[in-house]
Amino acid sequence: MRELTFRVQRYLPGRDKKPYIQELVVPLREGMTVLDGLIYIKENIDNTLSYRSSCRMGICGSCGMFINKFPRLACHTPVEELGTDKIEVKSMPNFPIIRDLVADLEPLFEKHKFLRPYIVSSQMEEAERPSSQLLQSREALESYAQFSYCVKCGLCMSACPTVATDPLFLGPQALGQAYRYCADTRDTGAKERFKEADSRHGVWLCHLAGACSEACPKGVDPALAIQLLRRATVFDILRLSKAKEPAPVAHPPTESKPKIAVPEITVKKP
Amino acid sequence: MRESHLKILQYVTAIGLFFIVGTHLIIMLLSSDEPTTWESVSERATSGGWLAFYILLLIFGLYHGIHGLRTIILELPIPKPPAKVIDGTLVTIGIAIFGYAVYIPISAF
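The rules behind each value
- Residues numbered from 1 in each chain as written.
- Chains lettered and ligands numbered in written order.
- Predicted model: local features only at pLDDT ≥ 70, side-chain atom pairs only at ≥ 80, totals over all residues.
- Domains from an automatic or database assignment.
- Contact = placed C-beta atoms within 7 Å.
- Helix = DSSP H or I, 4+ residues; strand = E, 2+ residues; numbered from the N terminus.
- Nonpolar A, V, L, I, M, F, W, Y, C, P; charged D, E, K, R; others polar.
- Core = buried A, V, L, I, M, F, W, Y, C linked by C-beta atoms within 7 Å.
- Buried ≥ 20, exposed ≤ 12 C-beta atoms within 10 Å, placed from the backbone.
- Axes fitted to C-alpha atoms, helices over the stretch in contact; angles between N-to-C directions.
- Parallel < 35°, antiparallel > 145°, perpendicular 65-115°, else oblique.
- Left-handed = near helix turned anticlockwise from the far one by under 90°.
- Arc of directions from axis to C-beta.
- pLDDT = per-residue confidence, 0-100.
- Pairing = 2+ DSSP bridges.

### Description of the domain arrangement of chain A
Residue and element names in this part refer to chain A.
No. 1: Its domain assignment divides chain A into domain 1 (3-103) and domain 2 (106-237).
No. 2: On the domain 2 side, the residues contacting the 15 residues of domain 1 number 14 residues.
No. 3: Elements with a minimum of two residues in the side of domain 1 that touches domain 2: β3 (64-67) and β4 (70-73).
No. 4: Element by element, the count of residues in the side of domain 1 that touches domain 2 is highest for β4, at three residues.
No. 5: By residue class, the composition of the side of domain 1 that touches domain 2 is nine nonpolar, five polar and one charged.

Encoded structure:
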């Protein structure tokens, strides 16, 4: 049976002075992902190995790691795709290490929250007690749809060379999400986001390396979002931006369909 | 001043420099008469239009260069003084260069 050598980063703050590499041999199975390998190690070789994972299907964004010198989701990376029998797995760069392969994503979420990643509505009454849905054209939806696929895995931040040199840089994830909400016709909080993103560590610090877009496992293009956010900010300052038409509230339905009757209980009651 | 204002000025001066430096180079390299002779230089220095042209070149070049230098300094991953100190130092240097560079042609005007 073919075997893989996993070179896994180990680190326990307080005990270890610095991270070190542990080599572990794992039998290859068909369709195996890097996460499958780590699960095998934890269950069969060393149960002290720490990593973060949840959905195992590239949806939750928990298992972001630095695999063979590139930030990837461990569950979304088949070992065959790496083209080698030596697999090096480290914690994501640009984030502090909590333990072994577990990165501390607190900076990511702090920056994300700072730029208000939610719909800010000027109609508080309608926002809190919606009378009906807000209508949005297909074009309006397409202007931000790809950016809404972000799973907050942090791979873009760990790939970004600017985050590496300036840890205070808001980064592709937060700025990408800021644009996602600025472009949404249901949102009226763009001006506040422009001000917050327009800092020394904000939107202008991006060097357009494009590493974030290359690393994103969901096909989001944060580098594009940053450029669009820059343009929107400049247009806002020069008062060249077109007034965004707010998404209209749909008329409440005048008639409702009859409810489907609940089928009778077919199981005999005891 | 917000970062965007500084960046907009950077782009404006870049576009301005494209035309001003272009004009300057055309005069210096393609002019049929000798533009660097004492007579030619003093003739341009006594012209109000040319004086304004070169002061504009100085303003645009200084802003563009000093803002570029500021961007590089602020991004260097080395221990450095607070941004306000760097900004203040660069503005002082810029004003000093501008004053010195403008004093000579204006005093000769």
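### Side note on the nonpolar core
Residue and element names in this part refer to chain A.
No. 1: Ranked by internal contacts, the top residues of the largest apolar core, which has 64 residues, are A74, L175, A178, Y179 and L229.
No. 2: Formed jointly, this core draws a minimum of three residues from each of two domains, domain 1 (3-103) and domain 2 (106-237).
No. 3: When near neighbours in sequence (up to four residues on either side) are disregarded, Y179 contacts F147, A225, L228 and L229.

### Points about the packing of helix α3 (residues 106-114) of chain A against helix α8 (residues 171-182) of chain A
All names here are of chain A.
No. 1: Running from amino to carboxyl end, α3 crosses α8 at an angle of 25°, the nearest separation of the two axes being 9 Å. One way to sum up the angle between α3 and α8 is to call them roughly parallel. Both α3 and α8 take part in a crossing whose hand is right-handed. Mapping the contact onto sequence places L108, K111, H112 and F114 in α3 and G171, Q173, A174 and Q177 in α8.
No. 2: Per-class residue counts for the contact of α3 with α8 are three nonpolar, four polar and one charged.

### Focus: the interface of chain B and chain A
No. 1: In this complex, chain B contributes 10 residues to the contact, which on the side of chain A involves 10 residues.
No. 2: Where the side of chain B that touches chain A is concerned, the elements lending two or more residues are α1 (3-30) and α3 (48-75) of chain B.
No. 3: Looking at the side of chain B that touches chain A, the element that brings in the most residues is α1 of chain B, giving five residues.

### Structural notes on α3 of chain A
All names here are of chain A.
No. 1: Taken together, the buried positions of α3 are occupied by L108, K111 and H112. Down the axis of α3, the smallest arc covering the buried residues is 105°, so these residues share one side. With respect to the buried face of α3, the exposed residues turned more than 90 degrees away are E106, E110 and K113.
No. 2: The elements touched by buried residues of α3 are α6 (155-159) and α8.
No. 3: Looking one or two residues past α3, R116 carries a phi angle of roughly 50°, positive in sign.

### Describing the confidence of the model for chain B
No. 1: Summing up the model confidence of chain B, the mean pLDDT is 89 and the portion of residues at 70 or higher is 98%.
No. 2: Across the whole predicted complex the pTM is 0.87, and at the interface the ipTM reaches 0.80.

### Re the sheet that holds β4 of chain A
Residues and elements named next belong to chain A.
No. 1: Taken together, five strands build an open sheet; the order of strands is β2-β1-β5-β3-β4 and the sheet is mixed. Both edges of this open sheet fall to β2 (20-27) and β4, since each of them pairs with a single strand only. Neighbouring strand axes in the sheet, compared pairwise and without regard to direction, differ in orientation by 35° on average.
No. 2: Examined bridge by bridge, strand β1 (residues 3-10) and strand β5 (residues 86-90) share four bridges and lie parallel to one another. Bridge pairing in β5 places V8 opposite V89.
No. 3: Contacts from helix α1 (residues 34-45) reach β1, β2, β3 and β5 within the one sheet, and its direction differs from that of β2 by about 95°.

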